[in-house]
Amino acid sequence: MNVPNNDLKVVPQHLHLAKTVIAFWLLGWFLKADFFIPYIFSEVIRYPLTIDFFPALLRSPLVLQFFYVFPLFAFLVIFKPNYFYCCLAAVTMVSSSAVLLLHQDTHNDATFLTSFWVAVWVLWFVTQMHRTDRAFLIHARSLALCVIAVIFFGSFIGKLTPEYLNGTVFADIFMRQNFGWVGQWVRAHYSEEVIRLSFYWVSKLIIFGEGFLAFAPIWPFGIVYRVGIGVMLAISLFTTWRIFSVLFCLIGLLYAFRNLPRPQDEEGS
Amino acid sequence: MKLVGNIMNRSPLIESLSLLLKHFDRGVVLFYSMLLAIFLLLAGINYSPYLQKMAMRKFHFVSQPFAQWALCQFFPSMYSFQNEILISQYVLPSDYQGSLTGDSVRLTVNHYPLRMLYFAVPREQIVSHAPFYAYARTVYRQQEIVSSYIVTASRQAIRLSIVNSYERSKQ
């Protein structure tokens, strides 16, 4: 039975958990600051783009600039973790990621998609942080895994086609775009024919990995934690370190719950 | 069977749902419902040509009304579908698949093919090469959307205008 805590005292463990997820979220959000700051504060001003499909408000550089820096308020949680600052952080995170996900100049970056869904989870979590029942953390962890699952499920579903399964699309992308140092090493040491043959199997591994994460809430947490972070690290090796702007917030959700004891562990103590 | 039972016993989702059955929690149920709805719609993309086209249209800026595109933005689609962009100084048939000449470029990209025109490359290059034509093609299973655009620049302002878009189902 939920025991409401009317004085809104926050359990320190919950505060620490929220702070962890928010810290990873901020890390991902500002990871590509070296790209986004000149892009948002200079390039879109010097070379303004007009796509009539977008309403004027979502073409505005001022709106873009404001909501890109708005999450700076969330840093207050890192320095002075309390209930108010957690709520402020959650609101800034949800609103900023939603706006940038819809803005003409940034809608295509997956950073804002994953940031949005993790921010929604944070918003739900901080509004319940005063709860003292153990069910709260169990629900929180399951919902966190469901957020991860939904994000990878979209990616997984889109790859259930012959062109992805036989490696053609991955090989085309790999051969024609700049990738991380592993990708560059492979392209320098192997012929295109060998790479394309390899991608016949590599693509299946990638799709399997995404399929595993697409059902993350079903597997034991310890396995999801290890495999999930492993899959995300592998993605970064074959793409670019900048992919962590998309993945850090998801890694934060896994990392925050790594020490949650299982019920049988608590009963035995 | 023992392995399956072991996994189910340690499943965070099963544990959470078991608790929900004993003690109803409205906020948790709402959150689960929202995620389940998205999950089901994403699964539906596998089977429904309507959902496939709706998801594909968002890469071409042809969804109507804008709110439909905005809603689709919140659905995960990273690396979904097969997307191509063709950039050419000359007008080409929108389903052109032949060899390219001159400064024409064809790229296979993971998502949002049009971002190659304003996000993935410095806009200064776009301005210096404008006007030119761009063709975006998205394929998923039997569905295909091909759209053509003209990119113009006036002083340093870039305009991306859609010329034509068509959808077809491959046999």
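Above this text you will find the structure in question.
Residues numbered from 1 in each chain as written. Chains lettered and ligands numbered in written order. Predicted model: local features only at pLDDT ≥ 70, side-chain atom pairs only at ≥ 80, totals over all residues. Heavy atoms only, no water.

Engineer: I'd like a description of the overall build of chain B, backed by residues and values.
Structural biologist: Per the secondary structure count, chain B includes six helices and five strands. The helix and strand sequence of chain B, counted from the amino end, reads α-α-α-α-α-β-β-α-β-β-β. Burial analysis of chain B (171 residues in total) assigns 50% to the buried set. Look at the contacts in chain B between residues 6 or more apart in sequence, and 54% of them connect residues 24 or more apart. (Helix = DSSP H or I, 4+ residues; strand = E, 2+ residues; numbered from the N terminus. Buried < 20%, exposed > 50% of the residue type's maximum accessible area, 1.4 Å probe, protein only. Contact = heavy atoms within 4.5 Å.)

Engineer: Which residues make up the packing of helix α2 (residues 33–46) of chain A against helix α3 (residues 61–69) of chain A, and what values do they have?
Structural biologist: Residues and elements named next belong to chain A. Running from N to C, α2 and α3 point in directions that differ by 160 degrees, and their axes come no closer than 10 Å. When the interaxial angle is binned, α2 and α3 end up roughly antiparallel. Viewed along their axes, α2 and α3 form a crossing whose handedness is left-handed. Two secondary-structure elements touch here, α2 through Ala33, Phe36, Ile37, Ile40, Phe41, Val44 and Ile45 and α3 through Pro61, Leu64, Gln65, Tyr68 and Val69. Grouping the amino acids of the contact of α2 with α3 by side-chain chemistry returns 11 nonpolar, one polar and no charged. (Axes fitted to C-alpha atoms, helices over the stretch in contact; angles between N-to-C directions. Parallel < 35°, antiparallel > 145°, perpendicular 65-115°, else oblique. Left-handed = near helix turned anticlockwise from the far one by under 90°. Nonpolar A, V, L, I, M, F, W, Y, C, P; charged D, E, K, R; others polar.)

Engineer: Residues and numbers for the interface of chain A and chain B, please.
Structural biologist: Residue-level contacts link 74 residues of chain A with 62 residues of chain B. Between chain A and chain B, roughly 6300 Å² of surface is buried when both sides are summed, and carbon and sulfur atoms account for 67% of that area. When the buried area of chain A at its contact with chain B is split by residue, Tyr47(A), Phe53(A) and Asn108(A) rank highest and sum to 12% of it. Here chain A is connected to chain B by four salt bridges. In this structure, Arg123(B) and Asp105(A) form a salt bridge, with 2.6 Å as the shortest nitrogen-oxygen distance. Put simply, chain A and chain B have 20 residue pairs in polar contact (both at pLDDT 80 or more) between them. Looking at the side of chain A that touches chain B, the elements with two or more residues in it are α2, β1 (49–50), α5 (83–102), α6 (110–127), α7 (134–158), α8 (162–165) and α9 (168–176) of chain A. Tallied by class, the residues present in the side of chain A that touches chain B amount to 47 nonpolar, 14 polar and 13 charged. Pairing of β1(A) with strand β5 (residues 157–169) of chain B involves two bridges; the strand directions are parallel. In the strand pairing of β5(B), Leu49(A) is matched with Ile158(B). (Buried area = accessible area lost by both parts, 1.4 Å probe. Salt bridge = Lys/Arg side-chain N within 4 Å of Asp/Glu carboxyl O. Polar contact = N/O pair within 3.5 Å; in protein donor to acceptor, adjacent residues only side chain to side chain. Pairing = 2+ DSSP bridges.)

Just geometry here; none of it tells us what the structure is for.
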